[in-house]
Amino acid sequence: MQTTQARHNEYFSFLCSVSLLRGLPEEKLAKVVDCLEVDYFEKGEYIIREGEEGNTFFIIAKGEVIVTQSTEGLAEPQEIKTLGVGDYFGEKALISEDVRSANIICNENDTHCLVVDRDNFNQMVGTYEELQSYLKEYVDELSRSDERRNAL
Ligand code: WNU
């Protein structure tokens, strides 16, 4: 069995490699590790459903997910991108205080996601201005691309 310390070290060094978090001081990252949960998903499972309320932010530690979204005039949600290890999702509902704006579907068995709840997300992002403005800009950009593809 893996010790708590070993698990901590493993996720700490993983988070150090996540580009989004590159600027966070080490003690901050260590705190993020302390409040993480890990969720496991199988291919085809919905991790996030469009339109639902959401209070969590995810970082992919293993596996792959696809992002799909409903668009005007089309019966099926359209695939918009694939995300893999080190990518993250779920920040938009937290930042824009809105419902989930796309579906996130697991695309590989035994996908591992690190999950940060709203309070810890706010603590992680709120104390680091550059990260906050980076994410805000990114979220605005997502809203613009949603409009361009006539998302519902
Ligand atoms: C997109 N439009 C919308 C992605 C992940 C992180 C960043 C892109 Cl910084 P949520 C659904 C999630 C949403 C985003 C993610 O899906 N998403 C998108 C789009 O074109 N959402 N509306 N592309 S992948 C991605 C940038 O994380 O957050 O809480 O749930 O609305």
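Attention here is on the structure that accompanies the text.

Cut-offs applied
Residues numbered from 1 in each chain as written. Predicted model: local features only at pLDDT ≥ 70, side-chain atom pairs only at ≥ 80, totals over all residues. Heavy atoms only, no water. Near = heavy atom within 4 Å. Polar contact = N/O pair within 3.5 Å; in protein donor to acceptor, adjacent residues only side chain to side chain. Areas by Shrake-Rupley, 256 points an atom, 1.4 Å probe, with all protein chains shown as cover. 1 Å grid on protein atoms, 1.4 Å probe; cavity = no way out; pocket = protein on both sides within 12 Å on 5 of 7 lines; lining within 4 Å. Sits in = over half its atoms within 2 Å of the grid points. Helix = DSSP H or I, 4+ residues; strand = E, 2+ residues; numbered from the N terminus. Nonpolar A, V, L, I, M, F, W, Y, C, P; charged D, E, K, R; others polar. Pairing = 2+ DSSP bridges. Contact = heavy atoms within 4.5 Å. Axes fitted to C-alpha atoms, helices over the stretch in contact; angles between N-to-C directions. Salt bridge = Lys/Arg side-chain N within 4 Å of Asp/Glu carboxyl O. Buried < 20%, exposed > 50% of the residue type's maximum accessible area, 1.4 Å probe, protein only. Parallel < 35°, antiparallel > 145°, perpendicular 65-115°, else oblique.

Details of the site of the ligand
Next up, step 1: Taken together, 21 residues lie around the ligand, and Gly90, Glu91, Arg100, Ser101 and Asp146 are the ones closest in.
Next up, step 2: Note that a nitrogen atom of the ligand is positioned 3.5 Å from one of the side-chain N or O atoms of glutamine 69.
Next up, step 3: Within the side chain of arginine 100, an N or O atom sits 2.7 Å from an oxygen atom of the ligand.
Next up, step 4: If the ligand stood free it would expose 600 Å²; the protein chains cover 98% of that surface.
Next up, step 5: Judged by its atoms lying within 2 Å of the grid points, the ligand is housed in the largest pocket.
Next up, step 6: Of all elements in the fold, only strand 4 (65–69), strand 5 (78–83), strand 6 (88–89), helix 3 (91–95) and helix 5 (129–148) reach the threshold of two or more residues within the shell around the ligand.
Next up, step 7: No other element matches helix 5, which puts four residues into the shell around the ligand.
Next up, step 8: Residue classes in the shell around the ligand are distributed as 11 nonpolar, four polar and six charged.

Quick look at the sheet that holds strand 3 (residues 56–62)
Next up, step 1: The strand order across the open sheet formed by four strands is 1-8-3-6, and the pairing between neighbours is antiparallel. Single-partner strands in this sheet number two, and they are strand 1 (37–41) and strand 6.
Next up, step 2: The pairing of strand 1 with strand 8 (residues 111–117) spans five bridges and is antiparallel. Bridge pairing in strand 8 links phenylalanine 41 to threonine 111.
Next up, step 3: Here helix 1 (residues 4–16) sits on the sheet and contacts strand 1, strand 3 and strand 8; the angle it forms with strand 3, its principal contact strand, is near 100 degrees.

Regarding the pattern of salt bridges
Next up, step 1: Tallying each qualifying case throughout the model produces three salt bridges.
Next up, step 2: For the salt bridge of aspartate 110 with lysine 62, the shortest nitrogen-to-oxygen distance reads 3.1 Å. One end of the pair, aspartate 110, is in the loop between strand 7 (103–106) and strand 8; the other, lysine 62, is in strand 3, and 48 residues separate them in sequence.
Next up, step 3: The exposure class of aspartate 110 is partly exposed, given its relative accessible area of 35%.
Next up, step 4: A relative accessible area of 34% places lysine 62 in the partly exposed class.
Next up, step 5: Notably, a salt bridge pairs aspartate 146 with arginine 149, separated by 2.9 Å at the nearest N-O pair.

Here we look at the packing of helix 4 (residues 118–126) against helix 5
Next up, step 1: At their nearest, the axes of helix 4 and helix 5 sit 7 Å apart, and the two run at 110 degrees to each other. Regarding the angle of helix 4 to helix 5, the classification is roughly perpendicular. Of the residues in helix 5, those in contact with Phe121, Met124, Val125 and Gly126 of helix 4 are Leu131, Gln132 and Leu135.
Next up, step 2: Across the contact of helix 4 with helix 5, the residue classes break down as five nonpolar, two polar and no charged.

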